[in-house]
Amino acid sequence: MATEADLKSAFISMIQANQGLVNSLCKLYSRSDEEMKDYRQDVLLALWQAFPNFRKESKISTWMYRVGLNTLISNHRKKSSRIVTEPYSEAAELHPSSEAGSDDGLLVLQRAIGMLNPMDKAVVILHLEGYAHKEIADLLGLSETNVSTRLNRIKKQLEKSIKSLEHESI
Amino acid sequence: MNLSNLAPAWQQYKSVNSLTDIPEAEILSAIEPRRTGAGKFLLKRFVQNAFAYSLLIFALHGCAV
């Protein structure tokens, strides 16, 4: 039987092997570096609490997306019920220091996705990760029809945002 | 717009973010101190409640006499 120390050691290795996934999710949901670190702590705690129940029936990344995205979405709900938050478009502008690298394409991707609402962000991230509509619906507790509708709306919204961001950077 | 066109950028975004290390100490601090914090909070509540109940019992005992 695995001891607490074994579990912790396995957990740390798993997080460090998937740190790109954890960092990317937290960055896309935060408005500042400080907030990103807070969210990362919340996601790490949620993953740790769910870790003993991980049955290895799904890929580890799928399980991490499920726990991570649902934690970030519910955090945002709790937060927005307490305070009035600024619109996402403005929020994305407020987070310049965490923008990934100097690649314009990545900046545009981060800022365009950053403008979406929390559930739409999760849907588009899972879509870009290659999950089918049914899998996205299962992971986020939505219906398949809702996922398709959201993706159609997101496409239009992203197209508009990307055009305006590219125009800004010229 | 075809969202699949953004998939390579998403993979690249993850690769760039994988360069930012999550130190072992940060992982441990995320999974350990809150439990201790919760324990301290419960102990504090227990002591407060015990004090309140003793006062109540003392007062009621005084009334009975």
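Residues numbered from 1 in each chain as written. Chains lettered and ligands numbered in written order. Predicted model: local features only at pLDDT ≥ 70, side-chain atom pairs only at ≥ 80, totals over all residues. Heavy atoms only, no water.

Enquirer: Could you give me a rundown of helix H2 (residues 19-29) of chain A, with the residues and numbers involved?
Expert: In an α-helix, one turn spans 3.6 residues, which is why side chains three or four residues apart end up on the same side. Among the 11 residues that make up H2(A), 11 are buried, leaving the element largely enclosed by the rest of the structure. Restricting attention to buried positions, one finds in H2(A) the residues A:Gln19, A:Gly20, A:Leu21, A:Val22, A:Asn23, A:Ser24, A:Leu25, A:Cys26, A:Lys27, A:Leu28 and A:Tyr29. (Buried < 20%, exposed > 50% of the residue type's maximum accessible area, 1.4 Å probe, protein only. Helix = DSSP H or I, 4+ residues; strand = E, 2+ residues; numbered from the N terminus.)

Enquirer: An account of the packing of aromatic side chains is requested, with residue identities and associated values reported.
Expert: Residue and element names in this part refer to chain A. Using the criterion set out here, one finds 7 aromatic pairs over all chains in the structure. For the ring pair Trp48 and Phe51, a centre distance of 6.4 Å and an interplane angle of 25 degrees mean the geometry is stacked. Relative to Tyr131, the ring of Tyr65 lies with its centre 6.1 Å away and its plane at 80 degrees, an arrangement referred to as edge-to-face. On the criterion of sequence distance, the pair formed by Tyr65 in helix H4 (residues 60-82) and Tyr131 in the loop between helix H7 (118-128) and helix H8 (133-140) is long-range, its members being 66 residues apart. Taken individually, Tyr65 and Tyr131 each receive the classification buried, so the pair is uniform in this respect. Over the face of the ring belonging to Tyr29 we find Lys121, whose NZ or CZ atom lies 4.8 Å from the ring centre. (Phe/Tyr/Trp six-rings, centres within 6.5 Å; stacked < 30°, edge-to-face > 60°. Lys NZ or Arg CZ within 6 Å of the ring centre and 35° of its normal.)

Enquirer: If you had to explain the nonpolar core to someone new, which residues and values would you point to?
Expert: Core analysis: the largest hydrophobic core is formed by 61 residues, its most contacted members being A:Phe11, A:Ile15, A:Tyr29, A:Tyr65, A:Leu69, A:Leu140 and A:Leu158. Aside from chain neighbours lying at most four places away, what touches A:Leu140 is A:Leu69, A:Asn70, A:Ile73, A:Met119, A:Ala122, A:Val123 and A:Leu126. (Core = buried A, V, L, I, M, F, W, Y, C linked by side-chain atoms within 4.5 Å. Contact = heavy atoms within 4.5 Å.)

Enquirer: Account for the packing of helix H6 (residues 104-114) of chain A against helix H1 (residues 7-17) of chain B, naming residues and giving values.
Expert: Packed helices, taken two at a time, are described by the angle their axes make and the gap between the axes. H1(B) packs onto H6(A) with a crossing angle of 95 degrees between their chain directions and a minimal axis gap of 10 Å. One way to sum up the angle between H6(A) and H1(B) is to call them roughly perpendicular. Contacts from A:Leu106, A:Leu109 and A:Gln110 in H6(A) reach B:Ala9, B:Trp10, B:Gln12, B:Tyr13 and B:Val16 in H1(B). Among the residues making up the contact of H6(A) with H1(B), the classes are represented as 6 nonpolar, 2 polar and no charged. (Axes fitted to C-alpha atoms, helices over the stretch in contact; angles between N-to-C directions. Parallel < 35°, antiparallel > 145°, perpendicular 65-115°, else oblique. Nonpolar A, V, L, I, M, F, W, Y, C, P; charged D, E, K, R; others polar.)

Enquirer: Outline the confidence of the model for chain A, supporting the account with residue identities and numerical values.
Expert: Residue and element names in this part refer to chain A. When pLDDT is averaged across chain A, the result is 85; 85% of the residues are at 70 or more. Contacts from residues 84-94, a stretch scored under 50 in pLDDT, to residues over four places away or in other chains number 19 contacts. Across residues 96-101 the pLDDT falls below 50, and counting only partners more than four positions away or on other chains, this stretch makes 15 contacts in the model. (pLDDT = per-residue confidence, 0-100.)

Enquirer: Can you tell me about the interface of chain A and chain B, naming the residues and giving the values?
Expert: Across the boundary between the two partners, chain A contributes 37 residues, which contact 27 residues of chain B. Roughly 3,200 Å² of surface becomes buried between chain A and chain B when both sides are summed, with 63% attributable to carbon and sulfur atoms. For the pair chain A and chain B, the interface holds 3 salt bridges. Among the salt bridges present, the one from A:Glu129 reaches B:Lys14, with a minimum N-O distance of 3.0 Å. At the junction of chain A with chain B, the criterion picks out 13 residue pairs in polar contact (both at pLDDT 80 or more). When residues of the side of chain A that touches chain B are assigned to their parent elements, the largest contribution, 8 residues, is made by H2(A). Partitioned by chemical class, the residues of the side of chain A that touches chain B number 19 nonpolar, 9 polar and 9 charged. (Buried area = accessible area lost by both parts, 1.4 Å probe. Salt bridge = Lys/Arg side-chain N within 4 Å of Asp/Glu carboxyl O. Polar contact = N/O pair within 3.5 Å; in protein donor to acceptor, adjacent residues only side chain to side chain.)

Enquirer: Give a description of the packing of H2(A) against helix H3 (residues 33-50) of chain A that names residues and reports values.
Expert: Residue and element names in this part refer to chain A. For the pair H2 and H3, interaxial distance at closest approach is 9 Å and the crossing angle is 130 degrees. Taken together, the axes of H2 and H3 are oblique relative to one another. Here the hand of the crossing between H2 and H3 comes out right-handed. The residues of H3 that touch H2, namely those facing Val22, Asn23, Cys26, Lys27 and Tyr29, are Glu35, Met36, Tyr39, Arg40 and Val43. Residues of the contact of H2 with H3, tallied by class, amount to 6 nonpolar, 1 polar and 3 charged. (Left-handed = near helix turned anticlockwise from the far one by under 90°.)

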